[in-house]
Amino acid sequence: MKKQVSVNIEFINKGLRSSIKCSLCANCPKGDNIGCCTYSPTFTPVDLGYYLENGKEDFLKRMIVNSQVTVLTGEITFNAFIEGVRYCFFHSDKGCDLSIEDRDSICRQFLCPEVKLWHHSEAKQWAEFWEVMAEWETRFNHQFIERLEHLGISLEKNCDAVFELLREEYPKWKESYAEVASRYPERHLLKLNRMVTYKKHI
Ligand code: SF4
Ligand code: SF4
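What counts as what
- Residues numbered from 1 in each chain as written.
- Chains lettered and ligands numbered in written order.
- Predicted model: local features only at pLDDT ≥ 70, side-chain atom pairs only at ≥ 80, totals over all residues.
- Heavy atoms only, no water.
- Phe/Tyr/Trp six-rings, centres within 6.5 Å; stacked < 30°, edge-to-face > 60°.
- Helix = DSSP H or I, 4+ residues; strand = E, 2+ residues; numbered from the N terminus.
- Buried < 20%, exposed > 50% of the residue type's maximum accessible area, 1.4 Å probe, protein only.
- Lys NZ or Arg CZ within 6 Å of the ring centre and 35° of its normal.
- Near = heavy atom within 4 Å.
- 1 Å grid on protein atoms, 1.4 Å probe; cavity = no way out; pocket = protein on both sides within 12 Å on 5 of 7 lines; lining within 4 Å.
- Sits in = over half its atoms within 2 Å of the grid points.
- Nonpolar A, V, L, I, M, F, W, Y, C, P; charged D, E, K, R; others polar.
- Pairing = 2+ DSSP bridges.
- Axes fitted to C-alpha atoms, helices over the stretch in contact; angles between N-to-C directions.

Let us now look at the packing of aromatic side chains. What the rule picks out here adds up to 22 aromatic pairs. Arranged with centres 5.6 Å apart and planes meeting at 65°, the rings of Trp136 and Tyr177 form a pair that is edge-to-face. Residue Trp136 is found in helix α3 (residues 124-151), and its partner Tyr177 is found in helix α4 (residues 155-181); the two are separated by 41 residues along the sequence. Relative accessible area serves as the criterion here: at 18%, Trp136 is assigned to the buried category. In this structure, Lys56 packs its charged tip against the face of Tyr51, placed 5.3 Å from the ring centre. Residue placement shows Arg139 over the ring face of Trp136; its charged tip is 4.9 Å from the ring centre.

Once that is clear, we can look at the site of ligand 1. Taken together, the residues surrounding ligand 1 are Leu24, Cys25, Cys28, Pro29, Gly35, Cys36, Phe110 and Cys112. Assessed atom by atom at 2 Å from the grid points, ligand 1 resides in the largest pocket. Here the residues of the shell around ligand 1 sort into seven nonpolar, one polar and no charged.

A few words now on the site of ligand 2. What surrounds ligand 2 is the set Cys37, Tyr39, Pro41, Cys88, Phe90, His91, Cys96, Arg103 and Cys107. Counting atoms within 2 Å of the grid points, the majority share of ligand 2 lands in the largest pocket. For the shell around ligand 2, the per-class residue count stands at seven nonpolar, one polar and one charged.

What follows is about the sheet that holds strand β1 (residues 2-12). Spatial strand order, β2-β1-β10: three strands in an open sheet with antiparallel pairing. A single partner strand is all that each edge strand has here, and the edge strands are β2 (19-22) and β10 (187-197). Between one strand axis and the next, the sheet turns by 25° as a mean value, whatever way the strands run. Two elements, β1 and β10, share eleven bridges in a ladder whose sense is antiparallel. What sits directly across from Val5, in β10, is Arg194.

This is the structure:
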């Protein structure tokens, strides 16, 4: 069924850990308890640096040896489970087990297409914000992975050496991006009215 709903969007500018919250997710129109969480999130060097800075080295080390995880030179992909229904490694009955800040950049800003956020004039500065952030993330990640390749180290073989380098580099990335992020507001709330198709009766 189609229904006109009011949707609250909140942009949260926290530099490289910025996110977009959407009120529609609490009453997901897919109505299947999984929503869009059929994805396999990939944690790139910028995510891993943030995890290390926040005391989550043990968590990362446990994940590197988990059979559900694919480890590349400088990235970890948490492969979705498929047991009749495909669902993300971090999905539970309560939704996502990770705080929004702990998610990868796709999950920190994913919105249903029906929200049509980027059509709203007030969202333009945020479209630019995400584009700029993605460029910086990509640059940091490429440079870091190239450096690992040059040094001949990788997460699979020498995760301690990779973590040590990330501990040196991540604070520098964070600081250089903070200047860019400071050109935008810290928070911005947007209220939209949208026609949404619900798969189940509500
Ligand atoms: S983004 Fe859409 S599909 Fe995903 S949880 Fe939110 S409302 Fe549901
Ligand atoms: S990390 Fe969280 S938000 Fe992202 S797909 Fe998995 S359960 Fe969903």
